[in-house]
Amino acid sequence: MSHDLHESLRDNVRILGDSLGRTIADDLGTGFVDKIETIRGFAKHGRQGDQQSRHELIEYLRRLPDRDLLPVTRAFNQFLNLANIAEQHYRARFRRVEDYKPGSQPVLSELLERARQSGHSPRKLVESLAGMRVELVLTAHPTEVIRRTLIQKYDAIDDCLTAIESSTDYPERGVRAQGRLEELISQAWHTDEIRHERPTPVDEAKWGFAVIENSLWQAVPDFHRDLDNLLLEAAGERLPLDAAPIRFASWMGGDRDGNPNVTARVTREVLLLGRWMAADLFLRDLEQLKAELSMWKANSALKAEVGEVTEPYRELLRRLVSRVEATRDWAKAELDGRSFEGGPIIENRDQLYAPLLTCYRSLCDVGLDTIANGALLDTLRRVAVFGVTLTKLDLRQEASRHAQVMEELTDCLGLGHYREWSEQQRQDFLLEELASRRPLIPRRWDCSTESREVIDTFRVVATEQPEALGTYIISMAAQPSDVLTVALLMKEVGGDVRLPIAPLFETLDDLNHAGEVIDRLLALPGYRALVGDGQEVMIGYSDSAKDAGQLAAAWAQYRAQETLVEVCRRHGVDLTLFHGRGGTVGRGGGPAHAAILSQPPGSVNGSLRVTEQGEMIRFKFGQPDIALRSMEIYACAVLEATLLPPPAPRTEWREEMDRLAAVAHGAYVGVVREDPDFVPYFRAVTPEGALGRLPLGSRPTKRRQDGGVETLRAIPWIFAWTQTRLMLPAWLGSGEAFARRLEDEGGLEVLQEMRDQWPFFGTYLDMLEMLLAKADVGIAAYYENRLVDEPALKALGEKLRSRFTRLYEVLLRVLDQQELLEKTPLIRQAIEVRNPYIDPLHGLQAELLQRNRDADGAISADLSRALMVTMAGIAAGLRNTG
């Protein structure tokens, strides 16, 4: 590919930009558009190395009257969102979801051929795909800065681009599409882009369900149809009807860790919403099938079920429609607090699947395979993937909340103080109670409000069908007792439902001890009797990177996975690793294909769970074509990692990583934890203080409202540094590690060998390269000049930028490149195109932050909104922000 953006992408950026210009001119006049163009011109020339233009840009922005600040920020914010639409459209059209490295776009047909050539039989390929279990867990972390109402308009704009491109032979269609495009862009311009209230957890769940309705509902059967075609060609058979290589789970309404807004009542409401939405969507499928399956030929099984009727398929579907309608009405009545007096409802997946399977088998038996494998097969695939709940809802709670319940309970029963017991005493008590047949919790137990909420959550578990719920995740898990406590509470309060329990190892220390904890846990006969031969473990990327720095955290995550694989193999237990990745490099983000293939060999053995969060859900799954490609990428990567795993790293490479991680960790901690000026600098130079007012997600930005960086959640921690373009959490410490190694004879050769032959290390360098390309120390320096007065803080800022420059230089040496992103020109070009629109937002944000501080936080509503819009715009321009 040339260094220029693809022609269609450039054309669409121009079409959208011109339309936005006309909309703004109609609203505010051509004189205002001239101001925007003047600002953009300064920014563009400044990016081309004209320092005078950079100076003039800042001066021009500082002279803007207050009345212009909001519309100027909105104009640049809107353009960046439109640029994202154009890029999404391009990626969907040209099947480019992960523009990572030339030739790295995985294609399933090519992988199947490689696997066949490596000795895997066609039957093995079918079995591997049929048995694959990839769960993508949709989470509502507060990084999606765009309102749902605008997302809907942006999706419609994408449809207009498609219509314009396909109107060559029908120019009148192009004219109509252009008119609709102008209307939608005008609607978007005249819509407030900032929410005035935080979304509730239920709002977040509705947003997740909307992604399924608007995109995944179509993409899932398309994905399976493509798989079927490939397997028919490669192996002569389809995927089994009930196979679901990729499924979806959710944390929206179930993740209560540090979010007091997620209660047992909220969880129950979200589960009911899922039931209602699933019934509503399946009714649309069933009505279509009832209209289409008018044939009379049927096998004896179908005839036995419906009797001698002229249209047996329609009769069976009519009965099923009646039950699904009753299910929808029941869910609505429950949501409204009304009693339900209708007929029998669908309780589980099999009750929906079995009648459809009867129709399918009948059609095949009487020779109507073509009809069976049409719309009916699509619905069967949807049932296999979505069930009757759309997603499995995970539950997450912090270990200390469970320990609080046990403390209050043991105190109430006169057994002592649970929190004062040793780990061995806790395990002995919990295992004894797990084996006991008598209840432990008194019927009339007067516990605290916090403990009552934990108990009520398990009561919700008890009332649900097991298939509605996913995994119970314990954050800040550190000991086997943390898992045993949840198992005991589930036994005491959760009825017959037994969810998988996954400890989440997050901090550096917890990751280093993860294998030991699971080893001790699996060695307990009482626990093994409870969970059988499967164990899920969640690996935390966000808090470990905030705790230790990105390089040390990445290596700790890798080593933890290696140890867990070995421990579970030794115990004869199937391990499922759950990766808590975010959108940014600082939270484990990056292209899914490369990330999966960079995991330790054996850690991806046909099963994988991974979080998809915030704005990344929209970028990967917001449109059917993009969602289809994203699912193919996951299936491709997991199949390759299972059948053709990467080799284990050499001993000398592991020793290299130990040394690199130790140096990087020391450098990171020396700044973030030990430099007394760091926290004051962070709070002075970033919009961290104002970030809490941006109504992004339902969860507070801090675990506690007092304290320093350690109390700040990983997402706003990274979001704040991204806004200033220093991107500090994802690189601090790496420069010192690499620079020290390059001082040694042969150091460069070793690093380059690891880069070329070890996927883990190569992928880490690729992610670091992309991040450094998005960073800008000049912009970071401007924030400091405008917002920091103290000499000591300015000196720290200078040191940090010096460290960045040092890393920039050594990384180019290791990559053997003259500039960043030489091998990924599309990413580089996309960043360069956006910069002239992001730069003014940085200048405006720093100015607004200073005015806000000068006014002691009492700036006008318009200026406060303008500040929020700059955050949204910068996030949109840089995309993977949290």
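Everything that follows concerns the structure shown earlier in this document.
Summary of the structure given here. (Residues numbered from 1 in each chain as written. Predicted model: local features only at pLDDT ≥ 70, side-chain atom pairs only at ≥ 80, totals over all residues. Heavy atoms only, no water.)

1. Some details on the overall build of the chain
- Within the chain, the regular secondary structure consists of 36 helices and 8 strands.
- Here the C-alpha atoms of the chain give a radius of gyration of 28 Å, agreeing with the 29 Å that 2.2 N^0.38 yields for 882 residues.
- C-alpha atoms of the chain, sized along the principal axes, occupy 85 × 75 × 60 Å.
- When the 882 residues of the chain are sorted by exposure, 62% land in the buried category.
- The contacts in the chain between residues at least 6 apart in sequence include a share of 82% that link residues at least 24 apart.
- Counting only carbon and sulfur atoms, one obtains 47% of the accessible surface of the chain, whose full area is about 33700 Å².
- Side-chain charges in the chain split into 108 positive and 132 negative, and the spacing between the mean points of these groups amounts to 2 Å. (Helix = DSSP H or I, 4+ residues; strand = E, 2+ residues; numbered from the N terminus. Rg over C-alpha atoms; globule rule 2.2 N^0.38 Å. Buried < 20%, exposed > 50% of the residue type's maximum accessible area, 1.4 Å probe, protein only. Contact = heavy atoms within 4.5 Å. Areas by Shrake-Rupley, 256 points an atom, 1.4 Å probe, with all protein chains shown as cover. Lys, Arg positive; Asp, Glu negative; His and termini not counted. Charge placed at Lys NZ, Arg CZ, Asp CG, Glu CD.)

2. Things to note about helix H25 (residues 624-643)
- With 20 residues, H25 extends 28 Å from end C-alpha to end C-alpha; this agrees with the ideal 28 Å at 1.5 Å per step.
- Most of H25 is tucked away: 17 of the 20 residues are buried. (Expected span 1.5 Å × (residues − 1).)

3. Quick word on the nonpolar core
- Core analysis: the biggest nonpolar cluster contains 288 residues, and Trp731, Phe738 and Phe761 have the highest contact counts within it.
- With residues up to four places along the chain from it excluded, the contact list for Phe761 reads Met657, Leu660, Phe738, Leu751, Met754 and Arg755.
- Formed by 8 residues, the second largest nonpolar core is a distinct cluster that contains Val137, Trp251, Ile473 and Leu504. (Core = buried A, V, L, I, M, F, W, Y, C linked by side-chain atoms within 4.5 Å.)

4. Overview of the packing of aromatic side chains
- Within this structure, the stated rule accounts for 25 aromatic pairs.
- Where Tyr558 meets Phe760, the ring centres are 4.6 Å apart and the plane angle is 50°; that geometry is what we call tilted. With Tyr558 in helix H22 (residues 550-571) and Phe760 in helix H32 (residues 759-774), this residue pair connects regions lying 202 residues apart in the sequence. There is no split in this pair, since Tyr558 and Phe760 are both buried.
- Within the aromatic cluster, the residues linked to one another by ring pairs are Trp217, Phe248, Phe282, Phe386 and Phe621. (Phe/Tyr/Trp six-rings, centres within 6.5 Å; stacked < 30°, edge-to-face > 60°.)

5. Considerations on the pairing of strand E6 (residues 534-540)
- In terms of burial, E6 is largely enclosed, as 6 of its 7 residues are buried.
- One ladder, built from 7 bridges, connects E6 with strand E7 (residues 574-580); its direction is parallel. For Val537, the partnering residue across the bridge sits in E7 and is Leu577. (Pairing = 2+ DSSP bridges.)

6. Concerning the sheet that holds strand E8 (residues 607-613)
- Taken in spatial order, the 8 strands of this closed barrel run E1-E2-E3-E4-E5-E6-E7-E8, and their pairing is parallel. With direction set aside, neighbouring strand axes in the sheet form an average angle of 25°.
- Summarising the sheet, strand E1 (residues 133-139) and E8 pair through 7 bridges and their orientation is parallel. Its bridge partner lying in E8, Glu135 is registered against Arg609.
- Against the sheet, H25 makes contact with E1, strand E2 (246-250) and E8, and its axis sits at roughly 110° relative to E2, the strand it touches most. (Axes fitted to C-alpha atoms, helices over the stretch in contact; angles between N-to-C directions.)

7. Side note on the environment of Gly532
- Here Gly532 shows up in the loop between helix H20 (525-531) and E6.
- You can call Gly532 partly exposed: its relative accessible area is 26%.
- Spatially, the C-alpha atom of Gly532 lies 29 Å from that of Leu352, the residues being 180 residues apart in sequence.

8. Some points on helix H33 (residues 777-787)
- Counting buried positions along H33 gives 8 out of 11 residues, so the element sits mostly inside the fold.
- Among the residues of H33, those classed as buried are Ile779, Ala780, Ala781, Tyr782, Tyr783, Glu784, Arg786 and Leu787.
- Where H33 begins, the side chain of Asp776 points an oxygen toward the backbone nitrogen of Gly778, at a separation of 2.9 Å. (Polar contact = N/O pair within 3.5 Å; in protein donor to acceptor, adjacent residues only side chain to side chain.)

9. Thoughts on unusual backbone geometry
- Despite not being glycine, Leu390 shows a phi value in the positive range, around 70°.
- Assignment of secondary structure puts Leu390 in the loop between helix H14 (369-386) and strand E3 (392-398).
- Taking relative accessible area as the criterion, Leu390 reaches 1% and is therefore assigned buried.
- Located in the positive-phi region is Met727, a residue other than glycine, with phi close to 55°.
- By the secondary structure assignment, Met727 is in the loop between helix H29 (714-723) and helix H30 (734-742).

10. What about the pattern of salt bridges?
- The final tally for this structure, using the stated rule, is 62 salt bridges.
- With a shortest N-O distance of 2.8 Å, Arg123 and Glu237 are connected by a salt bridge. Here Glu237 lies in the loop between helix H9 (201-235) and E2 and Arg123 lies in helix H6 (residues 122-131), a separation of 114 residues in the sequence.
- Assessed through its relative accessible area of 27%, Glu237 is described here as partly exposed.
- The shortest N-O distance in the salt bridge between Arg569 and Glu566 comes to 2.6 Å. Separated by 3 residues within a single helix, Arg569 and Glu566 lie in helix H22, roughly one turn from each other. (Salt bridge = Lys/Arg side-chain N within 4 Å of Asp/Glu carboxyl O.)

11. Overview of the packing of H9 against helix H10 (residues 264-292)
- Close contact between H9 and H10 brings their axes to 10 Å; oriented N to C, the two are set at 20°. The orientation of H9 relative to H10 falls into the category roughly parallel. H10 is crossed by H9, and the crossing has right-handed handedness. Here Pro201, Val202, Ala205, Lys206, Phe209, Glu213 and Trp217 of H9 lie close against H10, whose contacting residues are Val266, Glu269, Val270, Leu273, Gly274, Met277, Leu281, Phe282, Arg284 and Asp285. (Parallel < 35°, antiparallel > 145°, perpendicular 65-115°, else oblique. Left-handed = near helix turned anticlockwise from the far one by under 90°.)

12. Thoughts on the environment of Glu113
- With respect to the secondary-structure elements, Glu113 resides in helix H5 (residues 108-117).
- Accessibility expressed as a relative area gives 31% for Glu113, which makes it partly exposed.
- Remark: the alpha-carbon pair of Glu113 and Leu125, spanning 12 residues in sequence, is separated by 10.0 Å.
- Of the polar contacts made by the side chain of Glu113, one reaches the side chain of Arg116; its length is 2.5 Å.

13. Observations regarding the environment of Arg349
- Secondary-structure assignment places Arg349 in helix H13 (residues 349-365).
- For the pair Arg349 and Glu127, spaced 222 residues apart in sequence, the C-alpha separation works out to 23 Å.
- Non-local contacts of Arg349, meaning those with residues more than four positions away in its chain, are made with Arg247, Val383, Ala384, Val385, Phe386, Gly387, Val388 and Glu467.
- At 2.8 Å, the side chain of Arg349 forms a polar contact with the backbone oxygen of Val383.

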